[in-house]
Amino acid sequence: MVSQKVVITNPTGLHLRPAGNLCKVAMNYKSHITFSYGENTANAKSVLSVLGACIKCGDELEFKCEGPDEQEAMDALVEAIENGLGE
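Nothing here was measured: the structure is a model prediction, and the numbers come from that model. (Residues numbered from 1 in each chain as written. Predicted model: local features only at pLDDT ≥ 70, side-chain atom pairs only at ≥ 80, totals over all residues. Heavy atoms only, no water.)

What follows deals with the overall build of the protein chain. Per the secondary structure count, the protein chain includes 3 helices and 4 strands. Along the protein chain, from the amino end to the carboxyl end, the secondary structure elements read β-α-β-β-α-β-α. In terms of overall dimensions, the protein chain is globule-like: its C-alpha atoms have a radius of gyration of 11 Å, near the 12 Å expected for 87 residues. Here the C-alpha coordinates of the protein chain stretch approximately 35 × 25 × 20 Å along the principal axes. Of all intrachain contacts in the protein chain linking residues separated by at least 6 positions in sequence, the fraction that spans at least 24 positions is 70%. Of the roughly 4,800 Å² of accessible surface on the protein chain, 50% is carried by carbon and sulfur atoms. (Helix = DSSP H or I, 4+ residues; strand = E, 2+ residues; numbered from the N terminus. Rg over C-alpha atoms; globule rule 2.2 N^0.38 Å. Contact = heavy atoms within 4.5 Å. Areas by Shrake-Rupley, 256 points an atom, 1.4 Å probe, with all protein chains shown as cover.)

An order of β1-β4-β2-β3 is seen for the 4 strands of this open sheet, with the pairing classed as antiparallel. Each having just a single partner strand, β1 (2-7) and β3 (40-43) make up the two edges of the open sheet. Going from strand to strand, the sheet's axes swing by 25° on average, the running direction of each strand aside. (Pairing = 2+ DSSP bridges. Axes fitted to C-alpha atoms, helices over the stretch in contact; angles between N-to-C directions.)

As a further point, take the side chain of Asn-10. Tracing the chain through its elements places Asn-10 in the loop between β1 and α1 (16-27). If we skip the residues at most four places from it in the chain, Asn-10 touches Pro-18, Cys-57, Gly-84, Leu-85 and Glu-87.

Okay, the pairing of strand β2 (residues 32-37) next. Bridge analysis of β2 against strand β4 (residues 60-66) gives 5 bridges, and the strand direction is antiparallel. Residue Thr-34 lies in a different strand from β4, and its bridge partner there is Lys-64. Pairing analysis gives 4 bridges linking β2 to β3, with the strands arranged antiparallel. Within the sheet, the bridge partner assigned to Tyr-37 lies in β3 and is Asn-40.

We now examine the environment of Ala-19. Here Ala-19 lies in helix α1. According to the relative accessible area criterion, Ala-19 is buried, its value standing at 0%. A C-alpha to C-alpha distance of 9.5 Å links Ala-19 and Lys-45, two positions 26 residues apart in sequence. Residues in contact with Ala-19, not counting those within four places in the same chain, are Leu-14, Val-50 and Leu-51. (Buried < 20%, exposed > 50% of the residue type's maximum accessible area, 1.4 Å probe, protein only.)

Here it is as structure tokens:
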């Protein structure tokens, strides 16, 4: 398992479009991918789970990837978030 903390920089947080883009990236990998924010944990492959976390700009998330392609998944997620998730 690998984990990494990432700060969300999108000015409007993870609303529908960036949440959908995050899920698209996560769905490309076989690994189980979750993130925690505060005491909540969300499935990064589920748009409803991501939206339900109510992530705002400046929030720090801890992503966890576990599976055969965990490092590749983590690298892709971090790159997508740092590039603004299509925003």
